[in-house]
Amino acid sequence: MMRKSLPDSDYQVSVVRETRNLKARALLTGLTGRLRGRLHSVDRTLSVIFGGDASPHVLIRHQPTEIAGRVTIDAESGLYVFCEFGDCHTDIVIATASEERLIEEIALHLCGDSPGQRTVDAAVDILVGQTIEDVERKLILQTLHHCEGDPTHTAFMLGMPLVALCNRLAVYFADPASEQPQAAADAGLEARGYRL
């Protein structure tokens, strides 16, 4: 029996679909192990299962049968999407490119206590009374320090365009009349401390 060949456009669509599916399977398989380790250390009643050849996903269950949530990868954006199930409804909790942030959000939503939120509230209390410019500068410099001077990674973490970040850094490191260069030096960064 002869097999019909697909028209070029159908073939391209099929290849793109299979490539996305293969990438999603690989990412979700890796996520399954890391998520299993994180959730098992917090709540032993949760289990993490990878499933779905046609539609790859990770299921998170309260043992033995209740499904607590599902992680998929959005075909259009490539973002991880975590949906929490409960009381006959599904809520999208987070859509993110960061696997670490995804794991943290899942742990917070499914394991109850939210120490991260208390930490954020405490940090915001400390910032009261400071100008937005000062807070922004400190956040940018500390994130740059965290990213070991890599502005591309810093811009990604801050959710800002790389050009805008580089412009701000140029101002922070070039203005000798202000406290900004000293703040950069105090953060362990000098003008030569970041890469363009």
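It should be emphasised that the depicted structure is a prediction, and the values quoted were computed from it without experimental measurement. (Residues numbered from 1 in each chain as written. Predicted model: local features only at pLDDT ≥ 70, side-chain atom pairs only at ≥ 80, totals over all residues. Heavy atoms only, no water.)

1. Focus: unusual backbone geometry
Part 1: Notably, glutamate 148 is not glycine yet its phi reads approximately 55 degrees, a positive angle.
Part 2: By secondary structure assignment, the location of glutamate 148 is in the loop between α4 (132–146) and α5 (151–158). (Helix = DSSP H or I, 4+ residues; strand = E, 2+ residues; numbered from the N terminus.)

2. As for the layout of surface pockets
Part 1: Taken as a whole, the second largest pocket spans an internal volume of roughly 320 Å³.
Part 2: Around the second largest pocket sit 16 residues that line it, and Arg20, Ala24, Ile73, Asp74 and Ala75 are the ones nearest its centre.
Part 3: Elements with a contribution of two residues or more to the lining of the second largest pocket: α1 (8–42) and β3 (66–73).
Part 4: For the lining of the second largest pocket, the element with the highest residue contribution is α1, accounting for six residues.
Part 5: Grouping the amino acids of the lining of the second largest pocket by side-chain chemistry returns six nonpolar, five polar and five charged. (1 Å grid on protein atoms, 1.4 Å probe; cavity = no way out; pocket = protein on both sides within 12 Å on 5 of 7 lines; lining within 4 Å. Points joined across faces, edges and corners; volume = space filled by probe spheres on them. Nonpolar A, V, L, I, M, F, W, Y, C, P; charged D, E, K, R; others polar.)

3. Some remarks on the packing of α4 against helix α6 (residues 162–174)
When two helices pack together, their arrangement is given by the angle between the helix axes and by the axis-to-axis distance.
Part 1: Look at α4 against α6: their axes get within 11 Å of each other, and the N-to-C directions meet at 105 degrees. Between α4 and α6, the angle falls in the class roughly perpendicular. Along its contact with α4, which presents Glu136, Arg137, Ile140, Leu141 and Leu144, the element α6 presents Leu165, Arg168, Leu169, Tyr172 and Phe173. (Axes fitted to C-alpha atoms, helices over the stretch in contact; angles between N-to-C directions. Parallel < 35°, antiparallel > 145°, perpendicular 65-115°, else oblique. Contact = heavy atoms within 4.5 Å.)

4. So, the nonpolar core
Part 1: Counting 20 residues, the largest nonpolar core has Leu35, Leu39, Ile60, Val71, Phe82, Leu102 and Ile106 as the members making the most contacts within it.
Part 2: Of all elements in the fold, only α1, β1 (46–51), β2 (57–62), β3, β4 (80–86) and α2 (99–110) reach the threshold of two or more residues within this core.
Part 3: Once residues within four sequence positions are removed from consideration, leucine 39 is found in contact with Leu46, Val48, Ile60, Ile106, Ala107 and Cys111.
Part 4: Core analysis: the next-biggest nonpolar cluster, separate from the first, contains nine residues, Leu141, Met160, Tyr172 and Phe173 among them. (Core = buried A, V, L, I, M, F, W, Y, C linked by side-chain atoms within 4.5 Å. Buried < 20%, exposed > 50% of the residue type's maximum accessible area, 1.4 Å probe, protein only.)

5. Structural notes on the environment of valine 135
Part 1: Position of valine 135 among the secondary structure elements: in helix α4.
Part 2: What makes valine 135 partly exposed here is its relative accessible area of 23%.
Part 3: Setting aside its immediate chain neighbours within four residues, valine 135 contacts Leu127 and Gln130.

6. Describing the confidence of the model for the protein chain
Part 1: Looking at the protein chain as a whole, its pLDDT mean stands at 76, while 74% of the residues score no less than 70.
Part 2: The spread of mean pLDDT over the elements of the protein chain runs between helix α7 (residues 180–186), the lowest at 53, and α6, the highest at 90.
Part 3: Every residue in residues 191–196 is under pLDDT 50, and counting partners more than four places away or in other chains gives 13 contacts. (pLDDT = per-residue confidence, 0-100.)

7. So, the pattern of salt bridges
Part 1: Scanning the entire structure with this criterion turns up four salt bridges.
Part 2: In this structure, glutamate 104 and arginine 38 form a salt bridge, with 3.0 Å as the shortest nitrogen-oxygen distance. Of the two residues, glutamate 104 is situated in helix α2 and arginine 38 in helix α1; the sequence distance between them amounts to 66 residues.
Part 3: For arginine 38, a relative accessible area of 28% puts it in the partly exposed group.
Part 4: Between arginine 137 and aspartate 134 there is a salt bridge, with its nearest N and O atoms 3.0 Å apart. Within this pair, arginine 137 and its partner aspartate 134 are both found in helix α4, separated by three residues, close to a single helical turn.
Part 5: With a relative accessible area of 30%, aspartate 134 lands in the partly exposed category. (Salt bridge = Lys/Arg side-chain N within 4 Å of Asp/Glu carboxyl O.)

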